[in-house]
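Summary of the model geometry
The lines below spell out each chain.
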Amino acid sequence: MNSSDRTPADLLRSALAADPARPLVTFYDDATGERVELSVATFANWVAKTANLLQGDLAAEPGDRLALLLPAHWQSAVWLLACSSVGVVADVQGDPAAADLVVTGPDTLERARACRGERVALALRPMGGRFPQPPEGFADYAVEVPGQGDRFAPFAPVDPEGPALTVGGMELTGAQLVAKAREDAGALGLVPGSRLLTGRTYDTWEGLSAGLFAPLAAGGSVVLCRHLGQLGPDGLAGRTASERVTNTAV
């Protein structure tokens, strides 16, 4: 990664320039058996489409707050980087009533209705599938995002010193987030090419860092496991071998 990178979106751009074909996020849901692998290029494409949806259709502006009510999931990681690309503050598990817009999974729809701004819902189905019946009052992400552009350019430059992420009562600017992710990467022993397996949730900084930001900052990749406790020791050992895991944070 480049030393000049000062926002998570910068980290992704550097990863894309360095090796677009390498894996970045490999996602497992051990409650459903789902596995999804996204290369840097594929992940960046999802981020660009989501950022275009956020900036264009949802009219989000730098400094707006987005309540992100999603679990550890590959699509959650996409939204985190899309927020960074636009300059929107990702308020992880934040109060929808205090947010400018909300992004929710199927389990938090009622909570998300407290938001008076734009509301987006994700079914979190395999392969990014749609809701069988779209929830009333919400845009279905899987319906809205495919038609968005594959390239993204912000209407205004993103300020690295502006707020970027709030989680667990802690708020970080883009520059602080990148610096903290680099520190965590060192503490986790990550180097370029590392593959970190994690079962941590996305409602703490530690979970977000291990599940996305630290591997991205190190030039590595993440094996992100939801419901990892259902896998069992033998299954975990098999996954560690098959995914060529070099580091763990479970």
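Residues numbered from 1 in each chain as written. Predicted model: local features only at pLDDT ≥ 70, side-chain atom pairs only at ≥ 80, totals over all residues. Heavy atoms only, no water.

**Quick notes on the nonpolar core**
As a reminder of what qualifies: For our purposes a nonpolar core is just a set of buried Ala, Val, Leu, Ile, Met, Phe, Trp, Tyr and Cys residues, chained together by side-chain atoms within 4.5 Å. Relative accessibility decides the category of a residue: with a 1.4 Å probe and only protein chains considered, values under 20% of the type maximum give buried, values over 50% give exposed, and everything between is partly exposed. Counting from the N terminus, the helices are DSSP H or I runs at least four residues long and the strands are E runs at least two residues long.
Core analysis: the largest hydrophobic core is formed by 55 residues, its most contacted members being Phe43, Leu54, Trp79, Leu80, Leu165 and Phe213. With 9 residues, the single largest contributor to this core is helix H3 (residues 74-86). Ranked by size, the runner-up nonpolar core spans 11 residues in total, among them Leu69, Val102, Leu109 and Ala123.

**Thoughts on the pattern of salt bridges**
Definition in use: Here, a salt bridge means any Lys or Arg side-chain nitrogen found within 4 Å of an Asp or Glu carboxyl oxygen.
The tally for this structure, following the rule as stated, stands at 10 salt bridges. One salt bridge in this structure joins Asp29 and Arg226, with 3.7 Å as the shortest N-O distance. Of this pair, Asp29 sits in strand S1 (residues 23-29) while Arg226 is found in strand S11 (residues 221-226), placing the two residues 197 residues apart along the sequence. The pair formed by Asp29 and Arg226 is uniform in burial state, with each residue classed as buried. Between Glu110 and Arg113 there is a salt bridge, and its shortest N-O distance comes to 3.1 Å. In this structure Glu110 comes out as exposed when scored by relative accessible area, which is 61%. The exposure class assigned to Arg113 is partly exposed, which follows from its relative accessible area of 30%. Salt bridges linked by common partners bring Arg35, Glu37, Arg195 and Glu243 together as one network.

**Here's the deal with the pairing of S1**
Keep this limit in mind: Here a strand pair is declared whenever DSSP counts at least two bridges between the two strands.
Among the 7 residues of S1, 6 are classified as buried, and the element is accordingly described as predominantly covered. Note: S1 against strand S2 (residues 34-39), 6 bridges, orientation antiparallel. Counted as the bridge partner of Asp29 is Glu34 from S2. Linking two consecutive strands that pair antiparallel, namely S1 and S2, is a turn of 4 residues; a positive phi of about 85° is found at Gly33 within it. In the sheet, S1 pairs with S11 via 5 bridges, with the strands oriented parallel. Within S11, the residue paired with Asp29 across the bridge is Arg226.

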